[in-house]
Amino acid sequence: MVKQTTLALLALAASISSHQANASYAKGNPLTYVDPSGKVAYVNVSGNNITIVLPIVFQGGTWDQQQAMAGAITDAWNGQFGQYNVQTTVVNGSTLTTPVNTIQIDPGQSDALGLSRVYGDAMSGKWFAKPTRTCGLDYAHEAGHLMGLGDHPGTNQIMDDITTTPTVTGDDITSIINSPVNIITHEH
Ligand SMILES: [Zn+2]
C-alpha cells in the first residue's frame with residue numbers, strides 16, 4: 001500500500017512540466033516521500049530552492065473551475081519570496097491511496113455567510129466557484145491553509161483573510177517548511 005502510494009506520487013510528479021520538481025522526486029529513497037498518516041503537501045528543500053507539490057482532489061465544479069482554482073494557487077505561490085526561490089505545482093491527488101487535500105466546490109459565490117474555507121484539519125474545505133477577491137486570491141489564500149499556515153489579519157499579504165494582493169513572504173515559506181502538516185525532504 002505504501003509503495004503504491006509512492007508510485008502514484010512519483011507518477012504525478014513526473015507528469016509535472018517542471019523538470020526541477022521531477023528531479024527532486026526522482027532522487028533518493030522514494031519511500032521517504034510517503035506519508036502513511038496522510039499529511040498533505042510535499043516540500044523539497046534544496047538550499048533556498050523550494051519545490052512544493054500540492055495534491056488536491058476537487059469534488060464538484062466544472063473542469064474550468066478546477067483549473068482556475070489550481071491556476072490561482074500556482075500564480076501566487078511561484079516566485080522569489082525572501083531568500084527562497086519557490087516552485088509550486090498543484091496536482092490531481094485522486095490516484096493517491098492516502099488521504100489528500102479534498103476540496104468541495106460550491107457553485108455559488110463566497111459571501112459573508114459562506115466564505116471559501118479550509119477546515120481545522122488543514123486538508124479539507126469548501127471553496128466557492130465565484131471568488132470574492134481579485135484574481136482568485138481566495139484560492140491562493142486557502143491553499144496557504146492547506147499548507148499549514150494560519151491567518152495574518154491586517155498585513156494585506158497572502159494570509160490576510162481579506163487580502164487584495166498575492167504577496168507571499170519568506171516567513172510564509174519558512175512556516176511551510178516547518179509545518180507538521182507537510183512532508184519535508186532535503187536534497188543534499
Ligand atoms: Zn484564512
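For the structure, check the block above.
Residues numbered from 1 in each chain as written. Predicted model: local features only at pLDDT ≥ 70, side-chain atom pairs only at ≥ 80, totals over all residues.

### Concerning the nonpolar core
By size, the foremost hydrophobic cluster in this structure holds 41 residues, and its most contacted members are Leu54, Ile73, Ala140 and Leu146. At the level of secondary structure, the elements contributing two or more residues to this core comprise β1 (41-46), β2 (49-59), α3 (63-76), β4 (84-92), β7 (124-130), α4 (137-146) and α5 (170-178). When residues no more than four places from it in sequence are discounted, the contact partners of Ile73 are Leu54, Thr88, Val90, Tyr139, Ala140 and Ala143. (Core = buried A, V, L, I, M, F, W, Y, C linked by C-beta atoms within 7 Å. Buried ≥ 20, exposed ≤ 12 C-beta atoms within 10 Å, placed from the backbone. Helix = DSSP H or I, 4+ residues; strand = E, 2+ residues; numbered from the N terminus. Contact = placed C-beta atoms within 7 Å.)

### A word on α3
Taking 1.5 Å of rise per residue, the 14 residues of α3 would be expected to cover 20 Å, and the 20 Å separating its terminal C-alpha atoms lies within 8% of that figure. If you follow the buried residues of α3, they end up packed against β2, β4, β7 and α4. (Expected span 1.5 Å × (residues − 1).)

### Digging into α4
In terms of burial, α4 is largely enclosed, as 10 of its 10 residues are buried. Of the positions making up α4, those classed as buried are Leu137, Asp138, Tyr139, Ala140, His141, Glu142, Ala143, Gly144, His145 and Leu146. One or two steps after α4, the chain reaches Gly148, where phi turns positive at roughly 95°.

### Remarks on the packing of α3 against α4
In contact at an axis separation of 8 Å, α3 and α4 are set at 70° when each is read in the N-to-C sense. Relative to α4, α3 is oriented roughly perpendicular. Along this stretch, α3 crosses α4, giving a crossing that reads as right-handed. On the side of α3, the interface is formed by Met69, Ala72, Ile73 and Ala76, while α4 contributes Leu137, Tyr139, Ala140 and Ala143. (Axes fitted to C-alpha atoms, helices over the stretch in contact; angles between N-to-C directions. Parallel < 35°, antiparallel > 145°, perpendicular 65-115°, else oblique. Left-handed = near helix turned anticlockwise from the far one by under 90°.)

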